Amino acid sequence: MKSMGMTAVGRTVVGLSAVLLAVGSGLPTAAAADPAPVYTGTITEAYLDAQPDQTLAVIGTLPTNPAAAKNADPIGWYMAKGLQSARLVWAAKTNAPFGTSGSCQPSVSLDGQEAYSGPALPAGAGGEWLLMPLYLPNGGTLLEGPPLSDVTSKVGVGRADLALDCGALGTATWSMPLVVLPSAPDDREPGVSIDDGADFTNSTKVKLHLGWDGLLDKVKVSNDGGFAPSRTKEIKVRKEGPLDWTVIELAAERIPRTVYVKFHYIAYGWQKQTYTDDIILDTVKPEVVSASMGGSGAATLSASQRTLRVRAKDNKSGIASMQVSSGKPKKKAKVVKFRKAVKVPGAGPVFVRVRDGAGNWSRWRVAG
Ligand SMILES: [Ca+2]
Ligand SMILES: [Ca+2]
């Protein structure tokens, strides 16, 4: 019986590298703003794990020496947004004498709401491990419905409180950060797209659109392929939507700006693979070289229309669109695809400006 317990625990621990030790003496409570895990109880050691899943993980190792806690791996309960069910797997050590039996009552609350109130499970002290069905493949604690779905309906950080009350066999309680991470976008491959795949930008401030396929907890983003510290930032993923990033300003505008990204998954740590994307930075405004008005021709007596002929140039991204405005330059004039010849009213001044592929506008030019 003992070997069965050890095997089950070993599988659990290897599966997700999730080891939590519940020590006899409690640890100092941290400030509520940045919840630190707290463990108390009389169970001498306990494992808490989650079903192997890309959307759910409980991680971390708690040192038995409280002084070392600040150097410990981060401990927390991580779930993806939208998760509808979670199974926790428990195992515990006791110093109760061999043959002591009892039952273990698991309880789970998420952000202060009770999330599990299942039956107590029989357990017995067989050697040092508590033998109980809490770590069997379909055992443990299954959480479904509200309050789990309430908590996972939005991305954010809260608090999870878990307890295992095994009476004479011992008790353990965990209080740990509850982190709901963004779910992996299902329309993106793992990787990065600067400005959602735009070819050009007119600003060094860009948005990084990421795709991934697990519990993405943090990313390293760099403007350097070797991830030199001065060019690299580690960013925790705690919000939905693209990440803000600043590409470097180079003297030579013709070189594309490349961004390098590495992913950190909760269950698997830092990944070796580097994803990259590049974009061309074009901050130079295009120019209207000439704007000339052609008459509508002698045949049109009413002269109700004229033809505006425009020549424009851009250093890099090219001319993409234009505005033509009668009477005075109007920023609200309709933006249309660039054309070299445009019909305009037969009388009055006409202004034109052009926009390049990166979004830079030229100065207005009056047709003459
Ligand atoms: Ca790109
Ligand atoms: Ca340009």
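Calculation rules
- Residues numbered from 1 in each chain as written.
- Chains lettered and ligands numbered in written order.
- Predicted model: local features only at pLDDT ≥ 70, side-chain atom pairs only at ≥ 80, totals over all residues.
- Helix = DSSP H or I, 4+ residues; strand = E, 2+ residues; numbered from the N terminus.
- Buried ≥ 20, exposed ≤ 12 C-beta atoms within 10 Å, placed from the backbone.
- Contact = placed C-beta atoms within 7 Å.
- Pairing = 2+ DSSP bridges.
- Axes fitted to C-alpha atoms, helices over the stretch in contact; angles between N-to-C directions.
- Core = buried A, V, L, I, M, F, W, Y, C linked by C-beta atoms within 7 Å.
- Domains from an automatic or database assignment.
- pLDDT = per-residue confidence, 0-100.

> Can you lay out the overall build of the chain for me, pointing to particular residues and giving the numbers?
Tallying secondary structure elements over the chain gives two helices and 28 strands in all. Looking at the 368 residues of the chain, the share that counts as buried comes to 35%. Sequence separation of 24 or more characterises 67% of the internal contacts of the chain that already satisfy a separation of 6 or more.

> Explain the sheet that holds strand S15 (residues 205-211) residue by residue, including any values.
Across the sheet, three strands lie side by side as S13-S15-S18; this open sheet has antiparallel pairing. At either end of the open sheet lies a strand with only one pairing partner, and these are strand S13 (191-194) and strand S18 (243-246). Direction aside, the axes of adjacent strands within the sheet are offset by 40° on average. Bridge count between S15 and S18: four bridges; the pairing is antiparallel. Bridge assignment links Leu208 to a residue of S18, and that residue is Leu243.

> So what's going on with the sheet that holds strand S26 (residues 341-345)? Residues and values would help.
Reading across the sheet, the three strands line up as S22-S23-S26 and stay open at both edges, with antiparallel pairing between neighbours. The open sheet has two edge strands, strand S22 (287-294) and S26, and neither has a second partner. Taken pair by pair, the neighbouring strands of this sheet meet at an average axis angle of 30°, ignoring direction. As judged from the seven bridges shared by S22 and strand S23 (residues 305-313), these two strands associate in the antiparallel manner.

> Account for the environment of Pro256, naming residues and giving values.
Structurally, Pro256 is set in the loop between S18 and strand S19 (257-265). Taking the C-alpha atoms as reference points, Pro256 and Asp282, 26 residues apart in sequence, are found 9.6 Å from one another. The contact partners of Pro256, leaving out residues within four places of it in the chain, are Asp278, Ile279 and Ile280.

> A description of the nonpolar core should follow, citing residues and the corresponding values.
Within the largest apolar cluster, 56 residues are counted, with the highest numbers of intra-cluster contacts made by Trp77, Tyr78, Met79, Leu208, Leu215 and Val259. Top element by residues in this core is strand S12 (residues 171-181). It accounts for seven residues. Taken domain by domain, the makeup of this core includes at least three residues from each of domain 1 (4-181) and domain 2 (191-281). Excluding anything up to four places from it in sequence, Met79 contacts Thr55, Leu56, Ala86, Thr152 and Val180. Core analysis: the second largest hydrophobic core is formed by 13 residues, Val288, Val310, Val350 and Val354 among them.

> Would you mind going over the confidence of the model for the chain in detail, with residue names and values included?
On average, the chain scores 80 in pLDDT, and the residues at 70 or more come to 74%. For the chain, helix H1 (residues 2-16) is the element with the lowest average pLDDT, namely 33, and S13 is the one with the highest, namely 98.

> Give me the lowdown on the environment of Pro119, citing residues and values where you can.
Here Pro119 shows up in the loop between strand S7 (113-116) and strand S8 (121-126). The exposure class assigned to Pro119 is exposed, which follows from the 8 C-beta atoms found within 10 Å.

> Outline the environment of Arg159, listing residues and values.
Take Arg159: it is sitting in strand S11 (residues 156-165). The partly exposed category is assigned to Arg159, around which 18 C-beta atoms lie within 10 Å. Considering only alpha carbons, one finds Arg159 and Ser109, 50 residues apart in sequence, at a separation of 8.5 Å.

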